[in-house]
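# Structural overview for review
Listed below are the residues making up each chain.
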Amino acid sequence: MFIMGQNALSGFIELVEKRYELEVIDSHYVLVDEKFKRYNTMIEVKLNPVMMSAFQEKYAHKTSDMHVAWSVHEGTIRFYAEVGNNILLLLDSLKENK
């Protein structure tokens, strides 16, 4: 079944991979409210070593921040957000300050 916005998710994945030099392992929409047909974006990424280190340093004892929730898996992180741009903001917080 085609979900509206699938092309938008493809564009979002491409942006994440290019902007942050990450590998997207999985992505899809998650139904969070049946009555109002509300979906969240889920994107599972493999962070590069620098970003993974920054993630562990900044968010080690948290499961959410900046309106993004996540779950850590062996070598990957699954990010969940109602607004995909919040995932971008969180990833921006992991980039090295130059």
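Let me begin by describing the structure that accompanies this report.

Rules and cut-offs
- Residues numbered from 1 in each chain as written.
- Predicted model: local features only at pLDDT ≥ 70, side-chain atom pairs only at ≥ 80, totals over all residues.
- Heavy atoms only, no water.
- Helix = DSSP H or I, 4+ residues; strand = E, 2+ residues; numbered from the N terminus.
- Buried < 20%, exposed > 50% of the residue type's maximum accessible area, 1.4 Å probe, protein only.
- Contact = heavy atoms within 4.5 Å.
- Polar contact = N/O pair within 3.5 Å; in protein donor to acceptor, adjacent residues only side chain to side chain.
- Pairing = 2+ DSSP bridges.

## Some points on the environment of E17
Tracing the backbone through its elements, the reader meets E17 in helix α1 (residues 6-20). By relative accessible area, which is 33% here, E17 ends up partly exposed. A sequence separation of 28 residues divides E17 from V45, and the C-alpha atoms of the two residues are 8.9 Å apart. Ignoring any residue separated from it by four or fewer positions in sequence, one finds E17 in contact with L22, E23 and V24. In terms of polar contacts, E17 uses its side chain to reach the backbone amide nitrogen of V24, at 3.3 Å.

## Side note on the pairing of strand β1 (residues 23-33)
Sheet analysis places β1 next to strand β2 (residues 38-46), joined by nine bridges and oriented antiparallel. Each bridged residue has a counterpart across the sheet, and for Y29 the counterpart in β2 is T41. Hairpin connection between β1 and β2: a loop of four residues separates the two successive antiparallel strands, and K37 in this loop has a positive phi of roughly 55 degrees.

## Concerning the pairing of strand β5 (residues 76-81)
Note that β2 and β5 share five bridges and pair antiparallel. Looking at the pairing, I43 lines up with F79 of β5. The hairpin turn running from strand β4 (residues 68-73) into β5, its antiparallel successor, is two residues long, and G75 in that turn takes a positive phi close to 85 degrees.

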